[in-house]
Amino acid sequence: MWQTLPEPSRFSLEAATIQLFARAGFNIYASNRSYLPAIDDPEIECMLIRAQEMARYVSDGVLDAGLTGRDWITEHELGNEKRIDLVPIVDLIYAKQSFGRVRWVLAAPEDSPIKSPKDLDAKVVATELVRATRAYFDKIGVKVSVEFSWGATEIKPPLLADAIVEATETGATLRANRLRIIDTVMESNTQLVANANAVADPWRKSKINNIALLLQAAIEAQGRVGLMLNVRRDDLGSVLALLPALQRPTISPLSEQEWVAVNTVIEEQTVRDLIPRLKAARAQGIVEYPLNKIVL
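Residues numbered from 1 in each chain as written. Predicted model: local features only at pLDDT ≥ 70, side-chain atom pairs only at ≥ 80, totals over all residues. Heavy atoms only, no water.

## Describing the sheet that holds strand S10 (residues 163-168)
If you walk across this open sheet you meet the 5 strands as S9-S8-S10-S7-S11, and the pairing is mixed. Strand pairing shows two members of the sheet lacking a second neighbour, strand S9 (145-148) and strand S11 (179-188), which therefore form its edges. Taking each pair of neighbouring strands and ignoring which way they run, the sheet shows an average axis angle of 25 degrees. Relative to S9, strand S8 (residues 124-127) runs parallel, the two being bridged by 4 bridges. Looking across to S9, one finds that Val-125 is bridged to Val-146. Taken strand by strand, helix H3 (residues 70-78) contacts strand S7 (102-109) and S11, and its axis lies near 75 degrees from that of S11. (Pairing = 2+ DSSP bridges. Helix = DSSP H or I, 4+ residues; strand = E, 2+ residues; numbered from the N terminus. Axes fitted to C-alpha atoms, helices over the stretch in contact; angles between N-to-C directions. Contact = heavy atoms within 4.5 Å.)

Here it is in structure tokens:
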């Protein structure tokens, strides 16, 4: 039996997702003209659809599992009073530009008198995330008109809307359009979700969980490298004092009894400063190597 594992749309996270799957051990081959990319696992079929639609199709059982944002899951749940057959499998903290969370923020023009959400009473807010935005303003008791935006939302204030709710990772696009962040409506990150019936099937559940394990391991390895070196036992203490690690460095004896090998995992950004210090501490045979996966 094949399992359908869709991915986020090419309009959002496609490149980041394909790179993540590659580090997890799955090679996906996408074409600009096809929404059905190939994958080198015969038990998986892939489909590229918009992240906004993913929760709907997985919940309805059309697809077994999918990757989408917590924001679009919330948007789907707010629009459906009937039972939602979505099972969260794992949070995958990555986005288009960084391996972090995305914020949906309320923003208004820099020169606008709007300084807080309450200043938007009886005004217009444009966004793609309509239901979640309405829920946000309902919660704080502010009556606004929330209008759906088809895109290019940043250019709408002040002529087409008084404020916007838009997703941002760095805030750079908002600043470029002279918008000021007023508040955070919600934070979001990518989730692997599955249909309840798919999870009830032992084979599909096992397959989905294995995929989740490998994807999470690939994210854990992001920004980290392995480091191995040799050092005399007499110098081991000074070398270990320099080495941070996930747990403890692995120390193995070598054929010459006075020498040991040390293997550890460190943040890649620390390597350029650490290697000269290790050399000064009399470490030898220092090797840095890339990591694809770290299973905690």
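## Considerations on the pattern of salt bridges
When their charged atoms lie close together, side chains carrying opposite charge are able to pair. One pass over the full model with this rule turns up 7 salt bridges. In this structure, Arg-224 and Glu-267 form a salt bridge, with 3.2 Å as the shortest nitrogen-oxygen distance. Placement of the pair is Arg-224 in strand S13 (residues 224-232) and Glu-267 in strand S15 (residues 259-267), with a sequence separation of 43 residues. Residue classification places Glu-267 among the partly exposed positions, given a relative accessible area of 34%. Here the residues in one salt-bridge network are Asp-41, Glu-43 and Lys-207, joined through shared partners. (Salt bridge = Lys/Arg side-chain N within 4 Å of Asp/Glu carboxyl O. Buried < 20%, exposed > 50% of the residue type's maximum accessible area, 1.4 Å probe, protein only.)

## So, the sheet that holds S13
One open sheet holds the 4 strands; their spatial order is S14-S15-S13-S16, and the pairing between them is antiparallel. At either end of the open sheet lies a strand with only one pairing partner, and these are strand S14 (250-253) and strand S16 (284-290). Strand-to-strand twist across the sheet, computed as the mean angle between neighbouring axes with direction ignored, equals 20 degrees.

## Thoughts on the environment of Tyr-29
Along the chain, Tyr-29 turns up in strand S2 (residues 28-29). Looking at Tyr-29, the relative accessible area reads 52%, which means it is exposed. Through-space distance from the C-alpha of Tyr-29 to that of Asp-111 is 47 Å; in sequence the pair is 82 residues apart. When sequence neighbours within four positions are dropped, the list of residues in contact with Tyr-29 reads Pro-37 and Ala-38.

## Re the packing of aromatic side chains
One pass over the full model with this rule turns up 4 aromatic pairs. On the basis of an interplanar angle of 80 degrees and a centroid distance of 4.9 Å, the ring pair of Tyr-136 and Phe-137 is categorised as edge-to-face. Here Tyr-136 matches Phe-137 in class, with each residue buried. Judged by centre distance (4.9 Å) and plane angle (90 degrees), the ring pair of Phe-148 and Trp-150 falls under edge-to-face. On the basis of relative accessibility, which here comes to 41%, the residue Phe-148 falls in the partly exposed class. (Phe/Tyr/Trp six-rings, centres within 6.5 Å; stacked < 30°, edge-to-face > 60°.)

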